[in-house]
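Survey of secondary and tertiary structure
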Amino acid sequence: MNIVVLTGAGISKESGLNTFRDEGGLWAGHKVEDVATPEAFVRNPALVHDFYNQRRAQLFESAVKPNAGHLALAEFEKDGKANSFLLVTQNVDNLHEQAGSKNLLHMHGDLLSVRCTSCGHKQADWKEQHTTETICTACSVKGTTRPDIVWFGEMPYFMDEIYKALMNCDLFMAIGTSGHVYPAAGFVELANAAGARTVEFNLDHSAVSHAFDEHLLGSASETLPKFLKNI
Ligand code: OAD
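Right, let's walk through the structure included here. Because the structure is predicted, anything quoted here is derived from the model rather than measured.

With that settled, the discussion passes to the pairing of strand 1 (residues 2-7). Across the six residues that make up strand 1, a large majority, five, are buried. Where strand 1 and strand 2 (residues 84-89) come together, six bridges link them in parallel fashion. Bridge pairing in strand 2 places L6 opposite V88. Pairing analysis gives five bridges linking strand 1 to strand 7 (residues 171-175), with the strands arranged parallel. Paired with I3 across the two strands is L171, which belongs to strand 7.

Below you can see the structure in the form of structure tokens.
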């Protein structure tokens, strides 16, 4: 069986990280156009750095750890029951890595990476504060780096690889995502076109629930381990 899994902010909610669109979520406290667009970064880089510095710092809080949902996905992949297993995440946290997931693509970027807009170098494993004074570790120029996050209006990463996997998948699972942001919200339609079984895991219905064959309502930390045990 070829499996593609898409995760969103909901899977990390019980690890202590806020979602974007739930009550009190990140977009309730911040305007997208102030912190998550290329224009915002040009207008006020310090504000954008501050937003992502706070998000990155949270990853090092002792309470922020992978939960049973992240762990179940990593364990399932390790067991090797599927012919192929691709985990695509919209999340920029590192909880899937911490849980042990291997075949993982961060389509919206990674909080622990910074990218130089001058030489293109990506510095992985970036744990510090990131400022307008940061010096690129490759070209040594000051002030040219930006968070390695896909902002609104930018092209998500790894799309060719993701589309190829979706077109060949037998099972597509979408976990903890509201279905408001494309192209990720449209993945279920591609999986349907490939004839895959499509399953949504969410506390509630999403904007694209109608496109799924099955819905497992509840916290992913409970529904996911049970579901994966029975595949
Ligand atoms: P959202 O905040 O839009 O949606 C989170 C979803 O998770 C909601 O549908 C919740 O019902 C669900 N949820 C919350 N807790 C859950 C739990 N314990 N178990 C299962 N489901 C739960 O987050 P995303 O859909 O990930 O992009 O947002 C997509 C993109 O929009 C993000 O990657 C980000 C944002 O703007 C960028 O920043 C580029």
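Moving on to the sheet that holds strand 4 (residues 109-116). One open sheet holds the three strands; their spatial order is 5-4-6, and the pairing between them is antiparallel. The sheet terminates laterally at strand 5 (122-124) and strand 6 (145-149), the two strands that pair on one side only. When the angles between neighbouring strand axes are averaged without regard to direction, this sheet yields 35°. In the sheet, strand 4 pairs with strand 5 via three bridges, with the strands oriented antiparallel. Its bridge partner lying in strand 5, S113 is registered against A124.

What follows is about the site of the ligand. Residues in contact with the ligand amount to 23 residues; listed here are only the nearest, F20, R21, T177, S178 and N202. At 2.8 Å, a backbone N or O of A9 approaches an oxygen atom of the ligand. Its residues assigned to classes, the shell around the ligand comprises eight nonpolar, 11 polar and four charged.

Quick notes on the rules
- Residues numbered from 1 in each chain as written.
- Predicted model: local features only at pLDDT ≥ 70, side-chain atom pairs only at ≥ 80, totals over all residues.
- Heavy atoms only, no water.
- Buried < 20%, exposed > 50% of the residue type's maximum accessible area, 1.4 Å probe, protein only.
- Helix = DSSP H or I, 4+ residues; strand = E, 2+ residues; numbered from the N terminus.
- Pairing = 2+ DSSP bridges.
- Axes fitted to C-alpha atoms, helices over the stretch in contact; angles between N-to-C directions.
- Near = heavy atom within 4 Å.
- Polar contact = N/O pair within 3.5 Å; in protein donor to acceptor, adjacent residues only side chain to side chain.
- Nonpolar A, V, L, I, M, F, W, Y, C, P; charged D, E, K, R; others polar.

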